[in-house]
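Okay, here's what each chain looks like letter by letter:
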2 protein chains.
Amino acid sequence: MDIAMAEARAAAGRGEVPVGAALSGPGGVLLARAGNRVEEWRDPSAHAEMQVMRAAVHQLGGERLGGCVLYVTLEPCPMCAAAATHFRLGRIVFGAYDPKGGGVEHGPRVFSHPRCLHRPEVVGGVREREAGALLRDFFRHLRA
Amino acid sequence: MDIAMAEARAAAGRGEVPVGAALSGPGGVLLARAGNRVEEWRDPSAHAEMQVMRAAVHQLGGERLGGCVLYVTLEPCPMCAAAATHFRLGRIVFGAYDPKGGGVEHGPRVFSHPRCLHRPEVVGGVREREAGALLRDFFRHLRA
């Protein structure tokens, strides 16, 4: 989660909404790390989570992410949560809850549907205060 | 939809699940076309819809897809539906309904939640029989 936090801070420094992610493989080895690049890449799907899941599958030569853990500073949105199903991700550990844009514990609750083909384990609220403060500081600066 | 169907058939020829998409911009001009590339790219997120939305934003120099129409042969999954929200897509026209993996009219019904920030217009079941036959033929051959 330290790496995800560092990626979130780096994203803020680039003028991006500060969300960061890290993905660890079997044995805890770091496979990928990324921050939000929506503005820089002009790609509304360039969320940190999408980037690390894609990079990790590439690292693993096409293998799915069953033994892997995604660490991310914010509750994943419905797009990233549903992608985690396609990537067969083992576990998600996220920081702040996102009542507005989240898709795991809020909104469409992507993993809660009976037809959902694969559900990662989910642990939410890890270092929640710190992760939330990053976002609040960013939006406070934008408005100032 | 003709182009989406052609892309779906081409995907089947590459051994991919046959789903194809096309994206038209204001005035009906074709901005992007793609078929599923999950196997070829070893990227579980390389759905036809994700590819054409990304390519179209690129074509438009970073502009979102408000005046655009996504044609796709199958009901989008929750990942692609939620991505359409991020891309601010104007309209989705899809072929076959997907009770197992769909995320628009089935499962998490991504656009039906009050917190959903942007809802494209949706027209489903267009040339449904033809689009469904493509998928059925593909899976029949796989099992044969």
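The shown structure was predicted, so the numbers you read here are calculated from the model rather than taken from an experiment. (Residues numbered from 1 in each chain as written. Chains lettered and ligands numbered in written order. Predicted model: local features only at pLDDT ≥ 70, side-chain atom pairs only at ≥ 80, totals over all residues. Heavy atoms only, no water.)

*Asks:* Tell me about the overall build of chain A, and name the residues and values.
*Replies:* When its secondary structure is counted, chain A shows four helices and five strands. Starting at the N terminus and ending at the C terminus, chain A contains elements arranged as α-β-β-α-β-α-β-β-α. Along the three orthogonal principal directions, the C-alpha set of chain A runs to about 45 × 30 × 30 Å. Of all 144 residues assigned to chain A, the portion counted as buried reaches 53%. Pairs at least 24 apart in sequence give 58% of the contacts found in chain A among residues at least 6 apart. In the structure as shown, chain A presents an accessible area of about 6,500 Å², 51% of it carried by carbon and sulfur atoms. Between the mean site of the 18 positive side-chain charges and the mean site of the 15 negative ones, chain A shows a separation of 3 Å. (Helix = DSSP H or I, 4+ residues; strand = E, 2+ residues; numbered from the N terminus. Buried < 20%, exposed > 50% of the residue type's maximum accessible area, 1.4 Å probe, protein only. Contact = heavy atoms within 4.5 Å. Areas by Shrake-Rupley, 256 points an atom, 1.4 Å probe, with all protein chains shown as cover. Lys, Arg positive; Asp, Glu negative; His and termini not counted. Charge placed at Lys NZ, Arg CZ, Asp CG, Glu CD.)

*Asks:* Explain the interface of chain B and chain A residue by residue, including any values.
*Replies:* At the junction of the two partners, chain B supplies 25 residues and chain A supplies 25 residues. Surface buried jointly by chain B and chain A totals about 2,200 Å² across both partners, of which 65% is contributed by carbon and sulfur atoms. Linking chain B to chain A there are two salt bridges. Note that Arg54(B) is salt-bridged to Asp43(A), the shortest N-O span being 3.1 Å. Here chain B and chain A share eight residue pairs in polar contact (both at pLDDT 80 or more) between them. Broken down by element, the residue count for the side of chain B that touches chain A peaks at five residues, all from helix α3 (residues 78-86) of chain B. Its residues assigned to classes, the side of chain B that touches chain A shows 12 nonpolar, seven polar and six charged. (Buried area = accessible area lost by both parts, 1.4 Å probe. Salt bridge = Lys/Arg side-chain N within 4 Å of Asp/Glu carboxyl O. Polar contact = N/O pair within 3.5 Å; in protein donor to acceptor, adjacent residues only side chain to side chain. Nonpolar A, V, L, I, M, F, W, Y, C, P; charged D, E, K, R; others polar.)

*Asks:* Give me the lowdown on the pattern of salt bridges, citing residues and values where you can.
*Replies:* For the coordinates displayed, the defined rule picks out 16 salt bridges over all chains. Glu7(A) serves as the salt-bridge partner of Arg33(A), at 2.8 Å between the closest nitrogen and oxygen. Of this pair, Arg33(A) sits in strand β2 (residues 30-35) while Glu7(A) sits in helix α1 (residues 2-13); the two residues are 26 residues apart in sequence, bridging distant segments of the chain. When its relative accessible area of 12% is taken as the criterion, Glu7(A) is described as buried. Between Glu40(B) and Arg14(B) there is a salt bridge, and its shortest N-O distance comes to 3.5 Å. Residue Glu40(B) is found in the loop between β2 (30-35) and α2 (48-59), and its partner Arg14(B) is found in the loop between α1 (2-13) and β1 (20-24); the two are separated by 26 residues along the sequence. By relative accessible area, which is 45% here, Glu40(B) ends up partly exposed. Within the structure, one salt-bridge network assembled from shared partners comprises Asp2(A), Arg127(A) and Glu130(A).

*Asks:* So what's going on with the side chain of Asp43(A)? Which residues, and what values?
*Replies:* Examined against the element boundaries, Asp43(A) turns out to sit in the loop between β2 and α2 (48-59). On the accessibility criterion, Asp43(A) (11% relative accessible area) is buried. Contact partners of Asp43(A), with chain neighbours within four places excluded, come to Val38(A), Arg54(B) and Phe87(B).

*Asks:* How would you explain the pairing of strand β4 (residues 91-96) of chain A if you had to name every residue and give the values?
*Replies:* Residue and element names in this part refer to chain A. Most of β4 is tucked away, with five of its six residues classed as buried. As paired elements, strand β3 (residues 69-74) and β4 share five bridges and run parallel to each other. From the neighbouring strand, Tyr71 faces β4, where its bridge partner is Val93. A crossover links β3 with its parallel partner β4, the connecting element being helix α3 (residues 78-86), and its sense is right-handed. In the sheet, β4 pairs with strand β5 (residues 121-123) via three bridges, with the strands oriented parallel. Its bridge partner being in β5, Ile92 is matched across the sheet by Val122. (Pairing = 2+ DSSP bridges. Right-handed = clockwise from strand over helix to strand, strands pointing away.)

*Asks:* Mind laying out the packing of aromatic side chains, listing which residues take part and the relevant values?
*Replies:* All names here are of chain A. In this structure the tally under the stated criterion is four aromatic pairs over all chains. Seen from their ring centres, Phe138 and Phe139 are 5.3 Å apart, and the 80 degrees between their planes marks the pair as edge-to-face. For Phe139, a relative accessible area of 30% gives the class partly exposed. (Phe/Tyr/Trp six-rings, centres within 6.5 Å; stacked < 30°, edge-to-face > 60°.)

*Asks:* Run through the relation of the copies chain B and chain A, naming residues and quoting values.
*Replies:* The two copies are related by a screw motion: chain B maps onto chain A through a turn of 180 degrees and a shift of 0.0 Å along the axis, at an RMSD of 0.0 Å. Within this description, the copies of the chain are treated as partners about a two-fold rotation axis. By C-alpha distance to the rotation axis, the residue of chain B lying nearest is Met79(B), at 2.1 Å. The fraction of interface residues of chain B whose copies in chain A are also interface residues reaches 100%, indicating that both copies meet through the same surface. (Least-squares fit on C-alpha atoms with pLDDT ≥ 70 in both.)

These figures capture arrangement, not role.
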